[in-house]
Structure formats: structure tokens, C-alpha cells
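Each chain is listed here by its residues.
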Amino acid sequence: MKWQSKIIGGSYLYISGIVVAMLLPLDPAWLPLLRISAGLALGATACLLAWAMWQGAERPQPWMQWIWPLLALGAVLLGYTRYTSANTVPDMVVGEIRITADAREWRQTVPLTDTSRLRLVKEVEMDRDLQFRVVGELDARLAVQDDDGRHLMDADGRWKFRKARMPITSEVVTLSADDPVGTEYAVVQPFSRVTGIEWLETPTTAALRVYRMSNHIGSFVRPMRGQSPVTVLGRITSDPRVYDYQTVLMVTPAFIQFPANGPFYKVEGGDIQVTLNPRMEGYSQFAQTSAYGADVQIRGELTVARAESNPGGFNARQFMQNYNIYGLMRPFQPRGEPPPMTMIIPEGSESVRAGHPLVSFSLGLRDRILLLFKSTMPYPQSAFLGGVTLGLRYGLQGAQFPGEHDRGAWASRVGLGPSEAQIVADFRYSGVNHVLAVSGLHVTILTVMFVAIFSLLKFPKQVFVPFVIFALVVFAIITGARPSTLRAVIMNSLFLMTWGYLDKGLLSSVLIGVPVAAFLILLHNPLVVVDPSFTLSFGAILSLALITMPTHEILSTLRSNRFLVVLIFVGATTAIGIVHWALITTPLFIFPWLAFAVVVFQVAKRLEQQGWKLSDRFAFSGLPEGVSTFVAAQVAIQVGMMIPLSAYYFVRWPFAGAYANLIAIPLIGVVVQLGAIGGLLGLIPIVGPYITLLLNAANWIFASFFLWLAHVASLIFPYPFARRPRVIEIVVYYLFIAAFIWHKPLWKWIKGVCAKRQWNAPSAPAMFAVALAAIATVPLWVTPPRDTRPDGMHMTFFEVGYGSAILVESPGGQRILIDTGFVEHERGRRNQAERTILPYFSHAAIRRLDGLIVTSPLPERAAGAATLLEHMRINTLVLPPMMAGVEPGMTFDEFIGLFGPASHVAAAYPIERLEGMYHEWLGHPRWSQRAALVPAMQTRGPHLANRLSGRHMVTRAVGPSDVLFEEMVEDVPFRIEVLSPDPRPFTQHVIENHGLALRVVHGDVAVLIPGHLHYEGQYRLAHAWHEDQLRAQVLVVPHLGSANPTRQDRPARSHIERALNQYSAPLMDRAQTEWAIFQFGEPRGVLGEAGPTARNIADLTRQFYRARLGTDRVLSTDQDLAIMLHSDGRSVHMDTQSQRNRARGGEDDAVSDLSIGL
Amino acid sequence: MERGVKLLTRIMAVALLMGAAVILLHPDYRDTFRAMWWGDIEDSAIWMSNRGYYSEVVHDMEAMYEVAE
């Protein structure tokens, strides 16, 4: 038992070390010292433990008291160093350059290894500039290729190179005397040896530290597209992820040729994710399992994933780096060129090298089982089965609920109406998405299944335990060895061993299994400690292990009248949540409702005491034990994992999950077991496939029922956004959960303290408990909020691709959203309101908007409005005057008649664009579940529920000279002025030109937002107002900078420039613009075939603005990401998400921006 | 564990009966059974519905594992 406590304690201390490293990072230069300290401490611990064993446990010695402190020190330091070394790519100090009055010297302390790049850091101030050249040699690796340009590999799998020694003299390195100490400089030429320095200009004193830059793949990536291609030689080290539209491979690079015709560097770490287009020649050989292990040559741009595009957004770069992915490649094959990615066969071999034999065996087995699934179960149930049994969840992408393509399917018959949501969205909305992430549930199901099969066959457990563990390892490999799977396999293996050989039970296995599994996973990759798949998996198992029993105990006290009351209130609250979710989050409703529930509960209890009661058998404890434990476990998972962590990671909470999982979890047990048995028995020659057919025919019913369950739950239940809690809030939450878990010993301790202190009042323990609870909440009040900002006006221009969304936060606390971004329905995942705007609101704890202004009915500005109405409380919806007459039930012709004569409008715009707009506003005739603005407006009337929950909304159309949201804070006025549309009718581009143009004013600062005005509208706006009324330091470029001045698909450059000079320039001039903000992104999804034209026009428009304002004064959401503006009423300050990412150690540091080559 | 054995046995027994019923009653499953019997599974309705799903995984396993030079 003592060993067990040291293993458990050591594991948790190791995790603590990782947490300390995250909170208090040290300079990586300390790593060697920390590593040695950790090694010494752990080595000493091991020696003392060995000594203790030799001495025997019955004779404790005084020196044994040192075991725990040493173990703690060693484990914490180990965790600290593992995390720090995994999170940084330290460059190595190789020498220094020192200039004094007496000498100028280059002193090399460590010889260079391989092909090296140098980085210099200024260490002291200088009185003059320093200029020099580095002189040395390079042993360059040069390509050895066959006639087809493929790199050669010898029979042992080593890449072949020609070595060429060449003298190298670097370009002039200049260190300005004005640069601050700590400035970094790169030597752009690579060296294998440095032989000296050629001094050109030297100050009196100087000191430079010289680093050898690590050849980690992360040091070769470039953040933006359009870089010159590089060549990578490497090996495919994971199973290809095959989608129907692309294949994604993980390549571990061995060498990189950088730049295109430069030398090859030996890569010192990091993987590359390669995405292949099916149109590439030879694509099919990469889109199959046998590609695993193959050596490859890839040529293409090496880029890096984006960090957050918007404040609080998803950091794709960090997510990938947690899995050691530091580069992205999308090889492109120009017409007539050889394929950019080829497999390389070693000399003398017939085929490419295979991967690890166990992995190859596992993946081959998976393909054979998948083949059986495809033969015996129709799509999409087969994809579902492949996802939950084989971990092939990517195959389910794009699949829709069966029957949804046909009008009049079952959904219509029961009044739900067809939904275009994909199955994966159904799963997410209904809270059963976890079944697609292979985890403890699946592994446990398979463990029970294998044990049951062996037990049926009368094998002794000592014999079959190793076979079951082997099967679980194969299963982990098949399903991609994600942290959640590994955790479960390690834990189940430990359980099997303790059960099989030590006759231990489940609880002791869980107690030791959880920390050991966490330790092993984090020892391999400490970066996943904050990854959702890790924390959710461990959160689930800890919730099950620790919270289920106390929950069960409390629920078991419910019987008779009280049980009925609880059932009724849970049911009623659920019904209210389904019908009107906002009430659940309205304090004015929910607290009285809960108080009412408590009163009714007490009345029911009193009635019980007086004999007015239902049977005592009507109780939670009266349920079958398995059912009651399962319900308690579901409550435990919701409380311990889903509610806090789902809000933190996904800013949403699947309300349906609490109910859907009551059916889904038992059901998935049946589906996985039948699938696994069917797949394995199907491997038996001749009769096997028939058995699989028989089992999968039955499983088809269960799988279909599962899909149906998720679909119905997703349609009935809301999937609300939740405020993202701060880390300190989660810590405090878990303090209370811990108090709940250990409430009995805690209560005993409280009573003991009260007795000791002679607090004899009957209420003393309760008051002491309340005081402790209050103390626990202190960190909430003393820690600063997530985002501390100066007073004044703030505007956030979101990065929403091709579209617009601007949040205005006034000094007085009003929040107004101007436009809502685009919604791409076809692929079901490009709803900018859902992806960007609402998550930001959750992150920033914004629950209400004072105003939502839609400047134009066009989808790139208005499509997200319906989604926002669904999820947000909005006081006022402001529309352009042309939309004043929009009404529910309008026909298409009536709708386009709002913009002008219907025939004229129909002739002027592509019909798809008009229909898209109609569907966004009035609804889609086929997809009745799709959100649309006008029906959503109808639900925001002044009825009681809306008034109570604050969802009552006023809609108004505005015109020129209207002033909105006016306020005065500390004598500084704030208001939003409406400047257009011009009352005179337009003949062309009527939808664009009849939109709103706004001017946001805060004191002396003004921001002009001309919406989607086309050139004529811009010109009229410029001349309709006095210069003082137009003046704005910041101009948001109208029409997203992509207005086409002609009717041609490819307008001439001269036409665009003429239009900009003639129509856009007057607006800039008269407004006295100092800054311009572009809102731009990939337009193809919005404009279709016109997308490339829009991009070309936007490029020219951007050049035009840059030429007039200066490059630094033109910001763009496609390059600078979200743009944040702050006004103090006198001047503006601009900040961008790109700058924030860089400040956090992002991609654009000075060194990595420099090109490196011969 | 004994409960797990019993449960698995019951699930298997029920599944075999249900499977037989589905093959008898569902036209696509009848069609697939016939196709399997005659060795032309790739013509069955179920296989056809899976054409786009992991299209590289096909019955010709040698072709599946063949890597072009």
C-alpha cells in the first residue's frame, strides 16, 4: 500500500510540476540545471526506496522521512522540465563576440553541428554601429535524384546526398547603436564551421551572444501563403485521414531543402500536416492505410496554422503544436508539372518501406473490418459504426440523417420538419458527440466483451488477461491512440492485471489507474495537459469515480412525496428550457422558481410527516440498482465534467445531453459490441461474412435508432451558448465539488473545530461552513477580470471572412453590433455568428445587445442575424429603410420588390444571390428548421415570457439624420449617426446603395462605416453632407473593398482605378481619413464564381488606399485578423489580433521573418 | 463478470434473431445476402450506398495494398 501511495503521489506531483511550468515559466536556459536536479532527486529517492526494501518495512529508519520530500521535489521538477522543454525549441549558445578597447574577438564555446544558422543577441550598449561579416565553411548536402526528379534513398532507408564543402562569407551584419539591448539579429547564410570574423566597423565596446538556431521544423515555417516552396524528405507517421474531398497525412520530416535551391538541413523536431487534393496525380496511393510508413518527397509552401483570429477564439496553432505539428503543407500540382508529392522506394526494393509492424497489422485489420462493415450495413449507419468501433469519425463528415434528402420523410410527419444539419452536428447538439471520440466508454465495453467471451470459453483469467490487453493495445492503435483512448487502455490494463493476478477490485484499480495513466500520457507529451481530449477524459473518469456515490446517496434520500416533487420540477424545468431557454438564465425567473420548488418540497415533506404520502416504495432507491447508479453517474458527469468544461472549451452546453445519454450510453454498448464481434467473426473464412451480415442486420436497427435519437434530441432541445468561465472560477467551482464529495469528513472536521473552540450554539457548525464557503469565493472577487481595458469607446472589427461584423462598446456600457457576417449552409459549418461572434460574446460575458444594426440585406452582412436573435437578448433591431416593409409569408417577387421593380432587380442580380437573400430573411421552403430573420423577429414580441426573460425586441427602420444610442459620459458625447441611404433613387446596384452608412462619434473621434455602398452611393454620400459632418479619422472601406465598377467578369485595372479615384477618393478626402479598415476574406463561398474577381478588385483597392494613407495606416482583417479600436474621445489607438499573437510569441518574430539561403 | 457474460449471451441471441428477421424483411438486406451468396457483393444495394465512404477500401484487397511505383 505504501508503494501505491508513492506511485499515486508521484504521478500527481508530476502533473503539479506541469501546472507550475504553465503558470510560472522560466527561461529555457535553466533547463539543464533543472534536469540535473530532477535526476538527482529521483535517483536519491530510488536509492532510499531500494535501501528501505533491503532493510525491511518493519524497521523504519530516520532517513526514510526524506523519501517523500525527495520524491516530491524530483516529480515536480520532472514535470516542470518536461513541459518547458516540450513547449520551447531552445537555441544553443555556441559562442560570443566581444569588443573591448584592447581586442576584438570571436570566441566559440561549442562547435557547430550539421548545417547551422546563427542568431545574435546584443548584450551591451554601443557607442557606434557594429558591422561585420562571419567567415566560415559549409558542408552542404545537395540533392541526389533520379531522372524524374525523385530523391534517392539507399537500401537501408537512408536519404542519399552529395556533400560539397564550400567557403562561406555572410552578408554584412549591421547592429545599430540605437537598437536596445536584447535585440536579435540573424545571419542569413548557413555554416558548418565559423573560422573568423571580418570586421568592417567597430564601436569601442560591444558584446554579442551567438546562438545556433535549432533546425526544428517550426523555424522554417512562414505564417502567410505565397511563400517560395520548399522540399521536404520525410516519412508518413500516422494513418491517413481520408475525407471524401481530401486526405490528411502526418509526415515526420528528416530533411528540408531551404530555400528551393539551397542546401538540405537535417530536421531536429516537429511534424508536418500534409493535406492532399484528390485531383493530384497519384492521390489514391496516399488515401489508404498502406501509405502509413512510406518515405515521401514533398514540394510546396510550408506554412503554419493560425493562432486566434479573434479575441478569445480557437487557437489552431497551439492545438496542433500540442500534437507536435508545427508546419502545414498543401502541395499543389500545376497543370503539366510532375506531382508535388511522391513516395520513395529504397534502392533494391520493390515497394516503399512499411511502418511499425504492430501498427501496420492493426491498421490492416481495421481495413478488413471496415470492408465487412461496408458490405453489411448501409450508409450512413456504416459510417457511424466505423466511427464508434474503429475510430473512423472523419468518414462521418458530410453525412446527413437518412431520409432527410426526401421531402415527406418521417420528420415532417411528426411535425419536426426536415433539417439540413449533418449527423455530426446532430451529435454535437444533442450532447452524444462523445461516442465518436473513442474513450473509456468504448474501451470498457470492449474489455467487458473480451472478458465475457474468454469466460464463456472457460479460459482461466490468468491466461486470457494478456490477450485482452493486447487486443486493447491493437484497438488503441486502430483508433488513432488519442489521449482519451490511451488513458482508458492504460487504466483497463491496470485493472485487468490487478484483477487477474492480485485479485484486487475496481476501486483500487481506479485510484491507481487514473494518476498512472495521466502520468504516462503526460510523460510522453506534457502539452496535452490542457487539451480537451485529455481533460474531458480524465474529468469524466474522476467524476464517475468520485461524484457518483455521494450523488447516489443524496438521491437515495428522495422517496414518496419528495421524490414526486423532484420529478415534477425537473420535468417542468426541462420543459421550460425547451420552450424558452432564456427563462432558465433569467435570475428574475429562475430564483423565484427555485424558491417555489423548495417551498413545495417542504410542504410535501410536512405532508409526509402527517401521513399524507405516497408509498415509500416510490423512491429513487426503489429503482433497480443498475438504473439508479447509472442515473447518478450521469448526474455526476454533468456536474463534474460537462457543465464546467463544456462551457470553458466550447462555450456551449448541450442541454439534451443529460437526457439523450440515458438512452445513448446503453445503446452504444450494444452497437459497439455487435460491431466488434461482427467485425472479428467476419474474418473467419467462408462463413464469417454471413455471420457479420446477420449481426450487422440487427445492428442496423440499433445504429438507426441512435441516429434518430440524436437527430430528434437536436431538433427538440436548445444548444445554448454559455459564458466562458475564468480559470479561477473553475478552480473555485471544483473546490465546492470537492467539498460535496468529501462532505462527510468535512462536516465532521467542522463540528470538531466548533467543539474545540467551544462554539456551542446549535447553528455554529452551519455558520462556520457558510463562512468557509464565503472564504472559498474570495479569489473570484480579488482576481482581475479577463479583459481589463481603459475607459472610452471600444470597437472590434471581427475577422469573419468575406463579410462584416463590428461590435461597438460605448463609454456608457451600451453594446451595439453592426452587421453579423455570412452563413454558409451547404457545408454546415460556416455560420460566422455561431463560429465567431457568439463565442466572443461568451468569452467577454456579453449577454445582451442594446442594438443590432443590419446595414444591408445582403447575406455577407445580414445572414447571421437570425442566429443572433436565437441566442442573444437584443433591445433594438435597426434595419435600412428598404427593409421596413418586410413581412412574414412574402413571396420571392414581393421580397425583391422591396428593392425596386421586381423585374429590374431580377435582371440586375444573379438569381442565386437573390434567392439566398430571400431564404436568409424569410426562410427556406425546404429546410424549415433553418434560422431566418423575419420568423425570428416574430418570436420577439412583447408577450410575458419575452418581457420576463428580456427577449422582447423593438424593430425599427432608420434613415438619414437619425441619431441612435446617444449618450454623454463625463461630458464626452457618444452617438451613432445615420448618413445614408440617399433619398433620391438609384438606378444601379440598388440593394447596395440603399443600405445604411453610419458614423460612430465619440468626442473628437469618428469612425465612418459606409456599409455596402457601391461607387455611386459613395460619391453621393461624400457630397450629401458637409465636411464636418463626414469627418472621420477611421474609414471602414465600403463594399468590403470589392465593388466591381463594370458589368464584366474581369474588369480592366484602369476601370477600377478610375472608379476609385472618381468615387471613393472624394469620400476619403472629405472625411479627412487617417486610417482605413478592410474587412475581407475568401469570397468564393459567398460570391461563387465572382469570388476571384472580387479578390482582384480588393487587391487593387487596398493598393489604392495604401498609396493614399500609407501602408501602416491600412489594416485588414484577412491579414491583421480582428482589429480593435479604442477611443478616449480625443484620439484613436489601434490594436490587432495579429499583434497580440506576436506578443505572445507567435510566428512573426524578427528572426523567423528573415529569409535564409546561400 | 458473470453478469457481463450473461448479458453478452443474451445480446448475441437477440441480435441473431433480429438479424435474421431484418434479412428476411428488408429488401436491401435480402439483396445483399443474395449478392454475397453469388459472390458479387459489389453489386449489392448496401455496398452501392457505401461507394463514397472510404472509397479506397475495396474488395480487391491486393489492389488495396498495392502502391504504385
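Residues numbered from 1 in each chain as written. Chains lettered and ligands numbered in written order. Predicted model: local features only at pLDDT ≥ 70, side-chain atom pairs only at ≥ 80, totals over all residues. Heavy atoms only, no water.

1. Considerations on the overall build of chain A
A count of helical and extended segments in chain A gives 40 helices and 34 strands. A compact globule built from 1158 residues should have a C-alpha radius of gyration of about 32 Å, and chain A, at 33 Å, falls within 12% of that. For chain A, the spread of C-alpha atoms along the three principal axes comes to 90 × 90 × 80 Å. Expressed as a percentage of the 1158 residues in chain A, the buried residues total 55%. Within chain A, residue pairs in contact and separated by at least 24 positions form 74% of the contacts whose partners lie at least 6 positions apart. Carbon together with sulfur atoms contributes 60% to the accessible area of chain A, which is approximately 50700 Å² in total. For chain A, the distance from the average site of its 100 positive side-chain charges to the average site of its 92 negative ones is 9 Å. (Helix = DSSP H or I, 4+ residues; strand = E, 2+ residues; numbered from the N terminus. Rg over C-alpha atoms; globule rule 2.2 N^0.38 Å. Buried < 20%, exposed > 50% of the residue type's maximum accessible area, 1.4 Å probe, protein only. Contact = heavy atoms within 4.5 Å. Areas by Shrake-Rupley, 256 points an atom, 1.4 Å probe, with all protein chains shown as cover. Lys, Arg positive; Asp, Glu negative; His and termini not counted. Charge placed at Lys NZ, Arg CZ, Asp CG, Glu CD.)

2. Here we look at the overall build of chain B
Each helix and strand in chain B was counted, giving four helices and zero strands. Counted from the first residue to the last, chain B has its helices and strands arranged as α-α-α-α. Taking all 69 residues of chain B together, the buried fraction comes to 35%. Of the accessible surface of chain B, which amounts to about 4500 Å², a share of 60% is contributed by carbon and sulfur atoms.

3. As for the packing of helix H34 (residues 1015-1024) of chain A against helix H36 (residues 1053-1071) of chain A
Residue and element names in this part refer to chain A. It is the contact of H34 with H36, at a shortest axis distance of 8 Å, that shows an interaxial angle of 30°. On the basis of the axis angle, H34 is roughly parallel to H36. Here H34 and H36 pass one another in a crossing that is left-handed. Across from Tyr1015, Gln1018, Tyr1019, Leu1021, Ala1022 and His1023 in H34, the residues of H36 making contact are Ile1056, Ala1059, Leu1060, Gln1062, Tyr1063, Ser1064, Pro1066, Leu1067 and Arg1070. (Axes fitted to C-alpha atoms, helices over the stretch in contact; angles between N-to-C directions. Parallel < 35°, antiparallel > 145°, perpendicular 65-115°, else oblique. Left-handed = near helix turned anticlockwise from the far one by under 90°.)

4. Quick look at the interface of chain A and chain B
The interface of chain A with chain B comprises 55 residues on the first partner and 41 residues on the second. Both faces combined, the contact of chain A with chain B buries some 4200 Å², and carbon together with sulfur accounts for 74% of it. When residues of chain A are sorted by the area they lose upon contact with chain B, A:Leu371, A:Lys374 and A:Tyr690 head the list and together hold 16% of the total. Summed over the shared surface of chain A and chain B, the number is zero salt bridges. Counting every contact that joins chain A to chain B gives 10 residue pairs in polar contact (both at pLDDT 80 or more). (Buried area = accessible area lost by both parts, 1.4 Å probe. Salt bridge = Lys/Arg side-chain N within 4 Å of Asp/Glu carboxyl O. Polar contact = N/O pair within 3.5 Å; in protein donor to acceptor, adjacent residues only side chain to side chain.)

5. Description of helix H20 (residues 688-716) of chain A
Residue and element names in this part refer to chain A. Between its terminal C-alpha atoms H20 stretches 41 Å, which fits the 42 Å expected from 29 residues at 1.5 Å a residue. Asn699 marks the point of greatest bend in H20, at about 25°. Extensive coverage of H20 is indicated by the burial of 21 of its 29 residues. (Expected span 1.5 Å × (residues − 1). Bend = angle between axes of the 7 residues up to and from the residue.)

6. Focus on the sheet that holds strand S27 (residues 972-980) of chain A
Strand pairing in a sheet takes place through backbone hydrogen bonds and is either antiparallel or parallel in direction. Residues and elements named next belong to chain A. One open sheet holds the seven strands; their spatial order is S26-S27-S28-S29-S30-S31-S32, and the pairing between them is mixed. Sheet topology places strand S26 (963-969) and strand S32 (1114-1116) at the edges, where each strand pairs with a single neighbour. Here the strands of the sheet are splayed against their neighbours by 15° on average, with no regard to which way each runs. Seen against the sheet, helix H38 (residues 1091-1109) touches strand S30 (1034-1036), strand S31 (1075-1078) and S32 and runs at an angle of roughly 165° to S31. (Pairing = 2+ DSSP bridges.)

7. Thoughts on the pairing of strand S3 (residues 116-122) of chain A
Residue and element names in this part refer to chain A. Counting buried positions along S3 yields seven of seven residues, so the element is predominantly enclosed. Burial of the side chains of S3 extends over both faces: Ser116, Leu118, Leu120 and Lys122 are buried on one face and Arg117, Arg119 and Val121 on the other. Direction of pairing for S3 relative to strand S7 (residues 184-191): antiparallel, over a ladder of five bridges. Residue Leu120 lies in a different strand from S7, and its bridge partner there is Tyr185. Summarising the sheet, S3 and strand S9 (residues 206-213) pair through six bridges and their orientation is antiparallel. Within S9, the position partnered with Arg117 by the bridge is Met213.

8. Observations regarding the confidence of the model for chain B
All names here are of chain B. Mean pLDDT for chain B: 81, with 80% of residues reaching 70 or above. The weakest mean pLDDT in chain B belongs to helix H4 (residues 61-65) at 48; the strongest belongs to helix H2 (residues 27-38) at 93. Every residue in residues 63-69 scores below 50 in pLDDT, and together they form 22 contacts with partners more than four places removed in sequence or on other chains. (pLDDT = per-residue confidence, 0-100.)

9. Focus: the side chain of A:Arg861
Residues and elements named next belong to chain A. As for its position among the elements, Arg861 is in helix H26 (residues 859-862). Looking at Arg861, its side chain comes within polar contact range of the side chain of His1012, at 2.8 Å. Not counting residues within four places of it along the chain, the set of residues in contact with Arg861 comprises Ser804, Asp819, Thr820, Gly821, Thr855, Ser856, Gly1011, His1012, His1039 and Leu1040.

10. Some details on the sheet that holds strand S19 (residues 806-809) of chain A
Residue and element names in this part refer to chain A. Spatially, S25-S24-S23-S20-S19-S18-S33-S34 is the arrangement adopted by the eight strands of the open sheet, whose pairing is mixed. Two strands close off the open sheet at either side, each with one partner strand: strand S25 (954-957) and strand S34 (1132-1136). Sheet twist, expressed as the mean angle between neighbouring strand axes with direction ignored, is 20°. Looking at chain direction, strand S24 (residues 873-879) and S25 are connected through four bridges and run parallel. The residue of S25 that forms the bridge with Thr876 is Val954.

11. Let's talk about the packing of aromatic side chains
What characterises a pair of aromatic rings is the spacing of the ring centres plus the angle enclosed by the ring planes. Applying the stated criterion across every chain, the model contains 50 aromatic pairs over all chains. Summarising the aromatic geometry, the rings of A:Phe220 and A:Phe258 are spaced 5.1 Å apart at their centres and angled 70° between planes, so their arrangement reads as edge-to-face. One end of the pair, A:Phe220, is in the loop between S9 and strand S10 (230-236); the other, A:Phe258, is in the loop between strand S12 (247-257) and strand S13 (264-266), and 38 residues separate them in sequence. Across the pair, A:Phe258 and A:Phe220 agree in class, each one buried. When the centroid spacing of 5.8 Å and the interplanar angle of 70° are considered together, the rings of A:Tyr690 and B:Phe33 count as edge-to-face. Here the residue A:Tyr690 occupies a position in helix H20, and B:Phe33 occupies one in helix H2, the pair thus bridging two chains. A relative accessible area of 34% places B:Phe33 in the partly exposed class. Through successive ring pairs, a cluster of aromatic residues spans A:Phe454, A:Phe459, A:Phe464, A:Phe467, A:Phe495 and A:Trp499. Lying over the aromatic face of A:Phe220, A:Arg117 brings its terminal NZ or CZ to 4.1 Å of the ring centre. Above the ring of A:Phe161, the side-chain terminus of A:Arg141 is found at 5.9 Å from the ring centroid. (Phe/Tyr/Trp six-rings, centres within 6.5 Å; stacked < 30°, edge-to-face > 60°. Lys NZ or Arg CZ within 6 Å of the ring centre and 35° of its normal.)

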